[in-house]
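Analysis of the macromolecular model
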Number of protein chains: 2
Amino acid sequence: MTLRLQKYFSRTQKTVDRALRRWLPKTSQKPSVIHKAMRYSVFAGGKRLRPLLVIAGAEACGGKAKQVLPTACALEMIHTYSLIHDDLPAMDDDDMRRGKPTSHKVFGEAIAVLAGDALLTHAFSLLSKNASIRGVSPRAAAEVIGLVASAAGTGGMIGGQVADIQSDEGRWRRRKNNPFGTPARLLSFIHQNKTAALIQASLLAGARLAGGTANQLRALASYGKNIGLAFQIMDDVLDRVGDKKKLGKKGSDQANRKLTYPALYGLGKSYRKARACVAAAHASLAPFGAKSALLHELADYLLVRDY
Amino acid sequence: MTLRLQKYFSRTQKTVDRALRRWLPKTSQKPSVIHKAMRYSVFAGGKRLRPLLVIAGAEACGGKAKQVLPTACALEMIHTYSLIHDDLPAMDDDDMRRGKPTSHKVFGEAIAVLAGDALLTHAFSLLSKNASIRGVSPRAAAEVIGLVASAAGTGGMIGGQVADIQSDEGRWRRRKNNPFGTPARLLSFIHQNKTAALIQASLLAGARLAGGTANQLRALASYGKNIGLAFQIMDDVLDRVGDKKKLGKKGSDQANRKLTYPALYGLGKSYRKARACVAAAHASLAPFGAKSALLHELADYLLVRDY
């Protein structure tokens, strides 16, 4: 990671964590267990990639981090809710995440389900406040809620998760279980929706609130889609070759016979595919010129990250 | 039920069901199982009480049903998501609801969790469209998203559900498990949040979108809180004395040693409490005069409904 990107990451993490602490319901508020569970997962060591993208998207369009901070936090809450629900026994059944016990291990399944629900709900509560931020048009505020909901819904993240579950345990090898025809098409659907959709939405939300032009939004949509894909491919690759301790995970995609890039294409081809996505992401940024240095560095970082 | 209220119910149900069919994702959209699961629960025979309240709230303030139809559908989706998650094995573990197998019985637990998530997410997608409805101010549209999210979150419905779970299995009898001090205070918290909050939010959302005055909103807030409480008390009463077949439920609050009005106060006192709430609801409507005939009839109906 470049020094500049490293500084940007750590500055954003601090700003976002402070805002999250302020905007999440206090644990003293009753019933306190649900607020403890919400904070437990939000502060379990996330990279804050989506908040960073919201802010970077806004800044690339001439906006300020302050204007989009509620949106940055909302995207992190949505991401966290999706992890809590993904880890449930009925889903991926993961006991550990980022080296810590998952929500249902600490609070029980019922509270884990509700903590996820609560984070999703609270995210929209935060997003509703955008309309009263100085410099944000009410129309942009409403559009951002729509685009975030779309990216998080069945036409995005949830749709990807459903396809992922359906392809679990090697089921993707059986043609009759695959409404997408080929494993390649199913895999592409999973990646584009499960991960890339929300990453793209983060950039677009920031840009839209900052008054980005149609041209800028188009460029960021393409950039977001490509880094989202690269991110998920490298996630698959790291699951195969990465340091389990650093990743803080138990089990593996391979053991669960999941449909992943390495499973379908092998490691070499997967890595080349990720590199091609990053190259496409770089190319998308042409309209921004010098203002997008950070986004370029971020795209490169995705290929070298180790957790 | 008065004939007028009956007609209003059946007209609203038709309008709302048509809109829900139009606005829920098509089952042909991939992955289709999640869209089937969403529609299965939404069309499992709900009374559409919350949509009716959205519309009645708007009409009492001089608005039109058409303006608030997306909001009416969004409130029904939020209500439905809460039922799907409440019925999960980790929560109330109900196999039947309204005489039909619950979502996780039909689609499995993973899809049931995700169908609930998807309905909640889609509700906010619909609400985001309010800003472009003719006659609705963008500020009102944003406020409505905020008030619905608050009522559905841990300061409302989810908070009530958490307290309800914590009081299950007779645990409410043990003082150390009850952060609310007395069982009466805990019960009041559960009822006001689990049910009344969303009922109140339905009325307020409709009224706010229709440009209701501060005075009208205050009146409807009090009306909503009181009919919400009456509704939940009568729900507890029906669980004890009602026709299980009509209710379409198995099991009972009594068997689960739940904290309910009848459990704490007995049937007679519960019924008197519900009647007092309905009387207070009537009194709240004074500022509306003749425009609130329907809301008066609705309040009375809550005491005589049998399912």
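Per chain, the residues get numbers from 1 upward, laid out in the order the sequence is written. Written order decides the labels, with chains lettered from A and ligands numbered from 1. In keeping with the predicted nature of the model, local features appear solely for residues at pLDDT of at least 70, side-chain atom pairs appear and are counted solely at 80 or more, and the whole-chain, interface and lining totals rest on all residues. Water and hydrogen atoms were dropped before computing side-chain values, which therefore reflect all heavy atoms in the structure.

Residues and elements named next belong to chain A. Cis geometry is found at the peptide bond from Lys30 to Pro31, where omega equals -10°. Within the secondary structure layout, Pro31 lies in the loop between α1 (3–23) and α2 (32–42). Phi is positive for Arg48, close to 60°, though the residue is something other than glycine. Under the scheme used here, helices are H or I runs from DSSP no shorter than 4 residues and strands are E runs no shorter than 2 residues, and both carry numbers assigned from the N terminus. Among the secondary structure elements, Arg48 is positioned in the loop between α2 and α3 (49–60). On the basis of relative accessibility, which here comes to 3%, the residue Arg48 falls in the buried class. Backbone geometry places Arg98, a non-glycine residue, at a positive phi of 50°. Positionally, Arg98 belongs in the loop between β1 (96–97) and β2 (100–101). Residue class for Arg98 comes out partly exposed when judged on its relative accessible area of 27%. Residue burial is assigned from relative accessible area. The probe radius is 1.4 Å, only protein chains are included, and a residue is buried under 20% of its type maximum, exposed over 50%, and partly exposed in between.

Residue and element names in this part refer to chain B. Positionally, Val278 belongs in helix α13 (residues 267–284). The class for Val278 is buried, based on a relative accessible area of 2%. Val278 sits 49 residues away from Leu229 along the chain, and the two C-alpha atoms are 8.8 Å apart. Residue contacts follow a heavy-atom distance rule, with two residues in contact if any of their heavy atoms lie within 4.5 Å. Beyond its immediate stretch of four places on either side in the chain, Val278 contacts Ala230, Ala299, Asp300 and Leu303.

Moving on to the interface of chain B and chain A. On the side of chain A, 47 residues touch chain B, which itself brings 47 residues to the contact. As used here, buried area is the combined drop in accessible area, with a 1.4 Å probe, of two parts when they are placed together. Buried surface at the junction of chain B and chain A, both sides included, amounts to about 3,700 Å², of which 75% is carbon and sulfur. Criterion for a salt bridge: a side-chain nitrogen of Lys or Arg within 4 Å of a carboxyl oxygen of Asp or Glu. Inspection of the chain B/chain A interface yields zero salt bridges. Two N or O atoms count as a polar contact when they lie within 3.5 Å, although within protein this holds only if one can serve as hydrogen donor and the other as acceptor, and sequence-adjacent residues are included solely when both atoms are side-chain atoms. Applying the counting rule to chain B against chain A returns five residue pairs in polar contact (both at pLDDT 80 or more). Elements represented by at least two residues in the side of chain B that touches chain A include exactly α2 (32–42), α4 (65–87), α6 (109–128), α7 (138–152) and α8 (157–166) of chain B. When its residues are assigned to classes, the side of chain B that touches chain A shows 29 nonpolar, 14 polar and four charged. Residue polarity is assigned by list, with Asp, Glu, Lys and Arg as charged and Ala, Val, Leu, Ile, Met, Phe, Trp, Tyr, Cys and Pro as nonpolar; anything else, Gly included, falls into the polar class.

All names here are of chain A. Applying the stated criterion to the full structure yields 16 salt bridges over all chains. In this structure, Arg48 engages Glu76 in a salt bridge whose closest nitrogen and oxygen atoms are separated by 2.8 Å. Within this pair, whereas Arg48 is found in the loop between α2 and α3, its partner Glu76 is found in helix α4 (residues 65–87), the two being separated by 28 residues in sequence. For Glu76, a relative accessible area of 1% gives the class buried.

Once that is clear, we can look at the confidence of the model for chain A. The predictor's confidence in any single residue is recorded as pLDDT, a number from 0 to 100. Looking at chain A, the pLDDT average stands at 93 and 97% of residues meet or exceed 70. For this predicted complex, the interface score ipTM comes out at 0.96, alongside a pTM of 0.96.

Now for the relation of the copies chain B and chain A. The least-squares superposition of copies is restricted to C-alpha atoms, and to residues with a pLDDT of at least 70 in both copies. Superposing chain B onto chain A takes a rotation of 180° combined with a translation of 0.0 Å along the rotation axis, leaving an RMSD of 0.0 Å. Given the turn and translation reported, the copies of this chain are related as if by a two-fold rotation axis. In terms of C-alpha distance to the rotation axis, chain B has Pro138 of chain B as its closest residue, with the C-alpha 3.0 Å off the axis. Here 100% of the contact residues of chain B are again contact residues in chain A; the copies associate through an equivalent surface.

Along its 12 residues, helix α13 (residues 293–304) of chain A runs 17 Å from first to last C-alpha, staying within 8% of the 16 Å computed at 1.5 Å per residue. Check the buried side of α13 of chain A and you find it contacts α1, α3, α9 (183–209), α10 (214–241) and α12 (261–284) of chain A. Any helix carries an expected span of 1.5 Å times its number of residues minus one.

For the rest of this paragraph, the subject is the packing of aromatic side chains. Residue and element names in this part refer to chain B. Aromatic rings from Phe, Tyr and Trp, with only the six-membered ring used for Trp, were paired whenever their centres fell within 6.5 Å, and each pair was classed as stacked if the ring planes differed by under 30 degrees, edge-to-face if by over 60, and tilted otherwise. Applying the stated criterion across every chain yields a total of nine aromatic pairs over all chains. The interplanar angle of 65° and the centroid separation of 5.7 Å between the aromatic rings of Phe9 and Tyr301 together place this pair among those described as edge-to-face. Taken as a pair, Phe9 in helix α1 (residues 3–23) and Tyr301 in helix α14 (residues 293–304) lie far apart in primary sequence, 292 residues in all. Residue classification places Tyr301 among the buried residues on the basis of a relative accessible area of 9%.

Residues three or four positions apart in an α-helix share a direction because the helix packs 3.6 residues into each turn. Every buried residue belonging to α14 of chain B is among Leu294, Leu295, Glu297, Leu298, Ala299, Tyr301, Leu302 and Leu303 of chain B, and all of these are buried. Summarising the contacts, the buried residues of α14 of chain B are in contact with α1, α3 (49–60), α9 (183–209), α10 (214–241) and α13 of chain B.

This next bit is on the packing of α4 of chain A against α9 of chain A. Residue and element names in this part refer to chain A. The axes are straight lines fitted to the C-alpha atoms, using for helices just the contacting stretch, and the angles between their N-to-C directions are given from 0 to 180°. Where α4 contacts α9, the two axes come as close as 9 Å, and the packing angle between them is 170°. Taken as axis vectors, α4 and α9 run roughly antiparallel relative to one another. α4 and α9 meet at a crossing whose hand is right-handed. Together, Val68, Thr71, Leu75, Ile78, His79 and Asp86 of α4 and Lys194, Leu198, Ser202, Ala205, Gly206 and Leu209 of α9 make up the contact between the two elements. When grouped by side-chain class, the residues that make up the contact of α4 with α9 number six nonpolar, four polar and two charged. Any angle between 65 and 115 degrees counts as roughly perpendicular, while under 35 counts as roughly parallel, over 145 as roughly antiparallel, and the rest as oblique. For a crossing to be left-handed, the near helix must be turned anticlockwise from the far one by less than a right angle; the clockwise case is right-handed.

This brings us to the side chain of Arg50 of chain B. Its location among the elements puts Arg50 of chain B in helix α3. Lys and Arg are tallied as positive, Asp and Glu as negative. Neither His nor the chain termini are counted. Glu76 of chain B provides the closest opposite charge to the buried, salt-bridge-free Arg50 of chain B, at an N-O distance of 5.2 Å.

For the rest of this paragraph, the subject is the environment of Ile145 of chain A. Locating Ile145 of chain A in the fold gives a position in helix α7 (residues 138–152). Judged by its relative accessible area of 3%, Ile145 of chain A is buried. Remark: the alpha-carbon pair of Ile145 of chain A and Ala205 of chain A, spanning 60 residues in sequence, is separated by 8.4 Å. Ile145 of chain A has contacts with Phe124, Leu127 and Ser128 of chain A together with Phe124, Ser128 and Ile145 of chain B, leaving out every residue within four places of it along the chain.

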